Amino acid sequence: AELVPRYYPHFLAESLKVGAEHGVTVLHSPAQVLLANVVPMLWAAQQLYWEPDLDIDSLLDEFFVGFFAESAKPMRAYFDYMEELWVRPDRGRFSGHGGIRSTAQFMTEEQVERAEGLLEKARTSAVSDQIAHKVDIVSRAFEFGALITRTYARASAAEQLPVMDSSAAASALV
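Residues numbered from 1 in each chain as written. Predicted model: local features only at pLDDT ≥ 70, side-chain atom pairs only at ≥ 80, totals over all residues. Heavy atoms only, no water.

## Section: the overall build of the protein
Logical step 1: Scanning the protein from terminus to terminus reveals eight helices and zero strands.
Logical step 2: Of the regular secondary structure in the protein, the N- to C-terminal order runs α-α-α-α-α-α-α-α.
Logical step 3: Within the protein, the proportion of its 174 residues that are buried is 37%.
Logical step 4: For the protein, restricting intrachain contacts to residue pairs at least 6 apart in sequence, the fraction spanning at least 24 positions comes to 75%. (Helix = DSSP H or I, 4+ residues; strand = E, 2+ residues; numbered from the N terminus. Buried < 20%, exposed > 50% of the residue type's maximum accessible area, 1.4 Å probe, protein only. Contact = heavy atoms within 4.5 Å.)

## Details of the packing of helix 4 (residues 72–87) against helix 7 (residues 129–159)
Logical step 1: With their axes 12 Å apart at the nearest point, helix 4 and helix 7 run at an angle of 25° to one another. Judged by the angle between their axes, helix 4 and helix 7 are roughly parallel. Here the hand of the crossing between helix 4 and helix 7 comes out left-handed. Residue-level inspection shows M75, Y78, F79 and M82 of helix 4 in contact with helix 7, the latter providing V135, V138 and F142.
Logical step 2: By residue class, the composition of the contact of helix 4 with helix 7 is seven nonpolar, no polar and no charged. (Axes fitted to C-alpha atoms, helices over the stretch in contact; angles between N-to-C directions. Parallel < 35°, antiparallel > 145°, perpendicular 65-115°, else oblique. Left-handed = near helix turned anticlockwise from the far one by under 90°. Nonpolar A, V, L, I, M, F, W, Y, C, P; charged D, E, K, R; others polar.)

## Regarding the environment of S71
Logical step 1: As for its placement among the helices and strands, S71 is situated in the loop between helix 3 (56–68) and helix 4.
Logical step 2: S71 sits in the buried class, given a relative accessible area of 0%.
Logical step 3: Taking the C-alpha atoms as reference points, S71 and V127, 56 residues apart in sequence, are found 8.4 Å from one another.
Logical step 4: Setting aside anything within four residues of it in sequence, one finds S71 in contact with A122, S125, A126, I131 and V135.
Logical step 5: In terms of polar contacts, S71 uses its side chain to reach the backbone carbonyl oxygen of A122, at 2.8 Å.
Logical step 6: Side-chain polar atoms of S71 contact the backbone nitrogen of A126, separated by 3.3 Å. (Polar contact = N/O pair within 3.5 Å; in protein donor to acceptor, adjacent residues only side chain to side chain.)

## Comments concerning the side chain of K134
Logical step 1: Residue placement: K134 occurs in helix 7.
Logical step 2: Comment: no salt bridge for buried K134; closest opposite-charge side chain is E70, at 9.0 Å. (Lys, Arg positive; Asp, Glu negative; His and termini not counted. Salt bridge = Lys/Arg side-chain N within 4 Å of Asp/Glu carboxyl O.)

## Some details on a nonpolar patch on the surface
Logical step 1: Residues L27, Y49 and W50 make up a contiguous nonpolar surface patch of roughly 440 Å² in combined accessible area.
Logical step 2: Note that L27 resides in the loop between helix 1 (9–21) and helix 2 (39–50). (Patch = residues over 30% accessible without salt bridge, like charges linked within 9 Å, V, L, I, M, F, W, Y side chains within 5 Å. Areas by Shrake-Rupley, 256 points an atom, 1.4 Å probe, with all protein chains shown as cover.)

## Notes on the side chain of S139
Logical step 1: Here S139 lies in helix 7.
Logical step 2: Classification of S139 by relative accessible area gives buried; the value is 5%.

## Things to note about helix 3
Logical step 1: Taking 1.5 Å per residue as the helical rise, helix 3 with its 13 residues ought to reach 18 Å, and the 17 Å between its terminal C-alpha atoms agrees with that figure.
Logical step 2: Among the residues of helix 3, those classed as buried are I56, L59, L60, F63, F64 and F68. For helix 3, the angular spread of buried residues about the axis comes to 130°, placing them on one side. Opposite its buried face, helix 3 presents the exposed residues E62, V65 and G66, each directed more than 90 degrees away. (Expected span 1.5 Å × (residues − 1). Arc of directions from axis to C-beta.)

## Here we look at helix 4
Logical step 1: Taking 1.5 Å of rise per residue, the 16 residues of helix 4 would be expected to cover 22 Å, and the 22 Å separating its terminal C-alpha atoms lies within 8% of that figure.
Logical step 2: Contact partners of the buried residues in helix 4: helix 1, helix 2, helix 3, helix 6 (109–125) and helix 7.

## Topic: the pattern of salt bridges
Logical step 1: Applying the stated criterion across every chain, the model contains seven salt bridges.
Logical step 2: A salt bridge links R154 to E109, with the shortest nitrogen-to-oxygen separation between them at 3.2 Å. Residue R154 is located in helix 7, and its partner E109 is located in helix 6; the two are separated by 45 residues in the primary sequence.
Logical step 3: Given the relative accessible area of 53%, R154 is considered exposed.

Structure follows, in structure tokens:
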């Protein structure tokens, strides 16, 4: 399963529209993801399977308001950021399955911090316990990828340190 948000609703909406124009009537797409990382996209896709000409942004707005209520705007900002990271052309996101290295390199530590900040805004905007709980579920799903990113970044940095003796090795671990 992907441990980072493999989130691309605009690409998916366009693909479904093109498919419908060419007579595609069956689609198989295994969702090997943490559901909390992609649920807005999957909900919108369900609508688009029946009506591929629907506006993806309107569908997403409907989902976020209906599901996250008072936290809709910051949650939309978080998921928009995840989409921005996933579809960026420099990383070839749509080529094969990721694996641990792909997960680790999906984001920088700075990008992890920005995403966590967006989730914190959503959490603090939640008035009801139910909405706070929904935001927490998404936050916890994000934590897996964030931990891998941080661990990989720190391990990569430690590899670059000159370690000549046990004292230097101990310092490198701090």
